[in-house]
Amino acid sequence: MNRAKAIAEHALLAEQLAAHDRAYYQADEPTVSDAEYDKLRLRLLALEKEYPHLAKANSPSKRVGAAPLEKFGKVTHAVPMLSLANAFADEDVLEFLGRVRRFLNLSEDASVAVTAEPKIDGLSLSLRYENRKLVQAATRGDGAEGENVTSNVFTVKDVPQTLPASAPDVVEVRGEIYMSNKDFAALNEKQIQAGEKTFANPRNAAAGSLRQLDPTITAARPLRFFAYAWGEAPKLPGATQWDVVQGFKAWGLPVNPLMVLCHSADELLAHYRLIESQRASLDYDIDGVVYKVNDLALQARLGFVSRSPRWAIAHKFSAEQATTVLEAIDIQVGRTGALTPVARLKPVTVGGVVVSNATLHNEDEITRKDVRIGDTVIIQRAGDVIPQIVSVASRGAGSVPYEFPKVCPACGSHAEREEKASGKSDAVRRCTGGLICPAQRVERLKHFASRNAFDIEGLGDKIVEEFYADGLIMSPQDIFTLEQRDGRSLKKLKDREGWGASSVANLFAAITARRMIALDRFIFALGIRHVGETTARVLARSYGSATVLRDQMKLAAASSENDARAELTAIDGIGDVVAEALIQFFDEPHNVDIFDGLLKEVSPQPLAAVAASSPVSGKTVVFTGALERMTREEAKAMAERLGAKVAGSVSKKTDLLVAGPGAGSKLKDAKKFGVEVIDEAAWFVRIGAQ
Ligand code: IVH
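The structure contained in this document is the topic of the report that follows. (Residues numbered from 1 in each chain as written. Predicted model: local features only at pLDDT ≥ 70, side-chain atom pairs only at ≥ 80, totals over all residues. Heavy atoms only, no water.)

1. As for the site of the ligand
Keep this limit in mind: By convention in these notes, a residue is near a molecule or strand provided one of its non-hydrogen atoms lies within 4 Å of it. Definition of a polar contact: a pair of N or O atoms within 3.5 Å, with one able to donate and the other able to accept a hydrogen when the atoms are protein atoms, and with sequence-neighbouring residues admitted only if both atoms are side-chain atoms. All accessibility values rest on the Shrake-Rupley procedure with a 1.4 Å probe; residue burial counts only the protein chains present in the view. Think of it this way: any DSSP run of H or I at least four residues long counts as a helix, any run of E at least two long counts as a strand, and we number them from the N terminus. Gly falls in the polar group here, along with every residue not listed as nonpolar (Ala, Val, Leu, Ile, Met, Phe, Trp, Tyr, Cys, Pro) or charged (Asp, Glu, Lys, Arg).
The immediate surroundings of the ligand are formed by 14 residues, with Glu117, Ile120, Glu176, Tyr228 and Lys292 found nearest. At a separation of 3.3 Å, an oxygen atom of the ligand approaches a polar side-chain atom of Ser124. If the ligand stood free it would expose 530 Å²; the protein chains cover 88% of that surface. For the shell around the ligand, the secondary structure elements donating two or more residues are β3 (114-120) and β10 (286-293). The greatest single-element share of the shell around the ligand, amounting to four residues, is contributed by β3. For the shell around the ligand, the class distribution of residues is seven nonpolar, two polar and five charged.

This is the structure:
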């Protein structure tokens, strides 16, 4: 090769590598595989070795090597960052208020003060101040653990780096990072000028800007912030939501000017309408209105269910609609065998997003709406909810009624609609193939690796599908033997299309990190029908270990009436349907094989007692009769917060019966089994609340 050719090739390589770097680091969107990238880089280095003058200071070879293993450090949130339940209709808001009142045992017409404020469509952020200095900023992540984006947040003007002397020693302020519509438009304009990728919407632009490895890029992006919540905060500037937010404002944090304090459903809904009417003229995107019970003492009593507070709800704006042509109906098979029809649409923009798929729910829904392939249909999309088909706008020429398949498209097994207890047939048609059905198996694997289950980074749905198709991962256990089997039968992972040494190393590291897993996640990951996260947690608390759960379920399956079965159904929160699903799962030898195989690889960790030192932690408590100071639901939540298990009926395993006036058979049972019985007042004394 002559010198001129080398110079030209070097310049081309440098340009290509720079473009890939930008894609990887700035857009979070790699354009080539790691292997491809390494090849280019090696070629560049070879040229520089031969013609050392090419290795100038700005050569890509001088930049710090490939991607670091972890882009950002992890931050464990001292108080988890939660999400909100959604309300779509006015009735949902009334129901929310009703639930709050019932939980707190307030009369139906009691006034509860509730704040209302816009739901900002950005990213939540937690700011930790120690001795009035900003020391850490973290994204939400999975709620328990987020990314450390402190250096980037230092560049955000809206976020004060110090708080005034009136602020306490430790406080975590939480809120939303967002980009204004004006700044978003200007940024995209700049990106176009520079020949760079544009962002789809302000939210993506904000996310891309915050998650920059190079803080100077974040600094050049105009991010803003609204404070609306808090994490660890031993000394708050008020005893109500309203006062705390005003306190934040006094400390110099930006708070949303559209927040108001309401005292009735009518006031809340009026404010919702007002904000909705201003939505288009606001300079930032919002997707609803958030209502929060104002009194923090009431918030504390209400507590949380699963991942959202009982004291707050997000009232989403109604959906945006569009018309398009239904081109095809595909049937997807879910992890429990449910056949779900998915509409393939001629792509259409709805509320700023291009939509080409929509859900058709189930067979009956298609019949009811008489949706046919070729029809022009009205679709709608609300927030991040999957778009839906609302109705048929006009018939396609020569269209025929859609016939729902009676066999599974993945394995050919019969697909049936179960008979429910009510005698009606279930709306969902299910494949009866169980684990012989490849679709169910692969869906179970996806669920297993998904965020709220094993949360294996790098093992997303697409990769699971590929690995399954190639026989690399056929069951959950295989995930954990992947590394030791790497290259044994097929080519090495790093030589696969789209992979390279560093992405494989990252995947193996992510898998290894999950060999220790919380028991509730482990149970949830199994994908047992009707066992969601809340039920998984209840089971984890009640049985304490994976093997105890398995053995008890096997015992329960042995006959239709036995202690194990009675114990299971006595657990508060486990109804007959869930119990049956669990027993059935463990009665299937193949499932137990998978379960046991998995236990060879991973160690589920018992949940830390909620409050190890509480006088009732680890105890099984039953509440019965009339309670005066708290509702049954509140009593249960309180006991669970204190580490107790709450059961629905008394057995010899019950430790304590809290009996109010009118207690009947449970009181008798308690006497029979020699269970300690106390009244409500004694309960409060026992837990040290009096
Ligand atoms: S309160 C414990 N208030 O919505 C609940 N959240 O779906 C704390 N969000 O992750 C959240 N605007 O990112 C709250 N005014 C607002 C909000 C808001 C936007 C986001 C937040 C949260 C998500 C929940």
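2. Let's talk about the nonpolar core
Definition in use: Buried Ala, Val, Leu, Ile, Met, Phe, Trp, Tyr and Cys residues that are joined via side-chain atoms within 4.5 Å together make up what is termed a nonpolar core. For each residue, the accessible area found with a 1.4 Å probe, counting protein chains only, is set against the maximum for its type, and the residue is called buried under 20%, exposed over 50%, and partly exposed in between. Any two residues having at least one pair of non-hydrogen atoms within 4.5 Å are treated as being in contact.
Counting residues in each nonpolar core, the largest one holds 56 residues, and the members touching the most others are Leu459, Phe467, Phe522 and Leu568. Residues contacting Leu568, with those up to four places away along its chain left out, are Leu539, Tyr543, Met553, Ile574, Ala579, Leu582 and Ile583. Core analysis: the second largest hydrophobic core is formed by 37 residues, Phe184, Ala206, Ala227 and Val245 among them.

3. Looking at the environment of Lys420
Within the element layout of this structure, Lys420 appears in the loop between β19 (415-419) and β20 (425-431). Sequence separation between Lys420 and Ser394 is 26 residues; the distance between their C-alpha atoms is 35 Å.

4. Quick look at the sheet that holds strand β26 (residues 676-678)
Strand pairing in a sheet relies on backbone hydrogen bonds. The paired strands run either parallel or antiparallel. Basically, it comes down to this: Between any two strands, pairing holds if DSSP finds at least two bridges. Here, axes are lines fitted to C-alpha atoms. For helices the fit covers the stretch in contact, and angles between N-to-C directions go from 0 to 180 degrees.
The strand order across the open sheet formed by four strands is β24-β23-β25-β26, and the pairing between neighbours is parallel. Of all the strands in the sheet, the pair left with one neighbour each is β24 (645-647) and β26. With direction set aside, neighbouring strand axes in the sheet form an average angle of 30°. By the bridge criterion, four bridges tie strand β23 (residues 620-624) to strand β25 (residues 656-659) in an arrangement that is parallel. Counterpart to Thr624 in the pairing with β25 is Ala659. This element, helix α23 (residues 665-673), spans β23, β25 and β26 of the sheet and lies at about 150° to β25.

5. Overview of the packing of aromatic side chains
Note the threshold: Paired rings are identified among Phe, Tyr and Trp, the last through its six-membered ring, by centres lying within 6.5 Å, and are further divided according to the angle between planes into stacked (under 30 degrees), edge-to-face (over 60) and tilted (the rest). Only when the NZ atom of a Lys or the CZ atom of an Arg is both within 6 Å of the ring centre and within 35 degrees of the ring normal do we say a charge sits over the ring.
In total, this model carries 16 aromatic pairs according to the counting rule given. Pairing Phe248 with Trp251 gives two aromatic rings, centres 5.6 Å apart and planes at 45°, and the pair type is tilted. Take Phe248 and Trp251: they sit in the same class, and that class is buried. Ring plane angle 85° and centroid distance 5.2 Å describe the contact between Phe623 and Trp683, whose orientation is recorded as edge-to-face. One end of the pair, Phe623, is in strand β23; the other, Trp683, is in helix α24 (residues 680-686), with 60 residues separating them in the sequence. Like Phe623, the residue Trp683 is buried in the burial classification. An aromatic cluster is built from Phe448, Phe454, Phe480, Phe522, Phe585, Phe586 and Phe595, whose rings are joined through pairwise contacts. For the cation-ring pair, Arg629 lies above Phe684, with the distance from its terminal atom to the ring centre recorded as 3.7 Å.

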